[in-house]
Amino acid sequence: MTCATDVQESDTALGGYRSFASSALGRADGSGVAAAFDDAVAELLRATGRLGSTLATDGHYLQQSSRQLDHATDDAGGGGGGGGRPPGTGVSV
C-alpha cells in the first residue's frame, strides 16, 4: 500500500510537467519536440496510474491473506498458548 501511495505521489509530481514550455525551444520551435514530450508524459502518467492501481490491489490482497493466515494459525493453536505465530509476525504492507 505504501508503494501505491509513492506511485500516486510521483504521478502528481509528473503531472506538473504535463506540457512543454514551447517558448524554451527557441529556433527548434515547430520541430515537434513539445508534442513528443507531451505524448511521453501522458503515456508515463497512464503507466504509473496502472502500476499504482495494481500495487494497491496487490497490497489489499496481501493484507487480507495475512489476516486469514493469522486467523487460521490462531484457530489451529486451540486458543491456549503454543499454537499459531508469535504476535507481530503477520505481513504488514
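Here, every reference points to the structure presented above.
Remember, it's a predicted structure, so these values are computed and weren't measured experimentally.

*Asks:* Residues and numbers for the overall build of the chain, please.
*Replies:* Within the chain, the secondary structure is distributed over two helices and zero strands. The buried share of the chain, reckoned over its 93 residues, is 12%. Contacts spanning at least 24 positions in sequence make up 54% of the contacts within the chain whose residues lie at least 6 apart.

*Asks:* How would you explain helix α2 (residues 33–76) if you had to name every residue and give the values?
*Replies:* Here α2 is 44 residues long and its end C-alpha atoms lie 63 Å apart, about the 64 Å a rise of 1.5 Å per residue gives. Along α2, the residues classified as buried are A34, V41, L45, T48, G52, G59 and S66. Elements that come into contact with the buried residues of α2 comprise α1 (2–15).

*Asks:* Can you explain the pattern of salt bridges? Please cite residues and give values.
*Replies:* In the structure shown here, the tally under the stated rule is two salt bridges. Between E43 and R46 there is a salt bridge; the shortest N-O distance is 2.7 Å. Remark: R46 and E43 occur in helix α2; sequence separation between them is three residues, near one turn of the helix. You can call R46 partly exposed: its relative accessible area is 45%. We note a salt bridge from E43 to R50, for which the minimum N-O separation is 3.9 Å. Since its relative accessible area comes to 38%, E43 is described here as partly exposed. Overlapping salt bridges, with partners in common, bring together E43, R46 and R50 in one network.

*Asks:* An account of the packing of α1 against α2 is needed here, citing residue identities and associated values.
*Replies:* One can describe the packing of α1 onto α2 by two numbers: an axis separation of 8 Å at closest approach and a directional angle of 165 degrees. Put simply, α1 runs roughly antiparallel to α2. When the axes of α1 and α2 are compared, the crossing they make is left-handed. On α2, the residues touching C3, A4, V7, D11, L14 and G15 of α1 are V41, L44, L45, T48, G49, L51, G52, L55 and A56. Here the residues of the contact of α1 with α2 are counted per class, giving ten nonpolar, four polar and one charged.

Rules behind the numbers
- Residues numbered from 1 in each chain as written.
- Predicted model: local features only at pLDDT ≥ 70, side-chain atom pairs only at ≥ 80, totals over all residues.
- Heavy atoms only, no water.
- Helix = DSSP H or I, 4+ residues; strand = E, 2+ residues; numbered from the N terminus.
- Buried < 20%, exposed > 50% of the residue type's maximum accessible area, 1.4 Å probe, protein only.
- Contact = heavy atoms within 4.5 Å.
- Expected span 1.5 Å × (residues − 1).
- Salt bridge = Lys/Arg side-chain N within 4 Å of Asp/Glu carboxyl O.
- Axes fitted to C-alpha atoms, helices over the stretch in contact; angles between N-to-C directions.
- Parallel < 35°, antiparallel > 145°, perpendicular 65-115°, else oblique.
- Left-handed = near helix turned anticlockwise from the far one by under 90°.
- Nonpolar A, V, L, I, M, F, W, Y, C, P; charged D, E, K, R; others polar.

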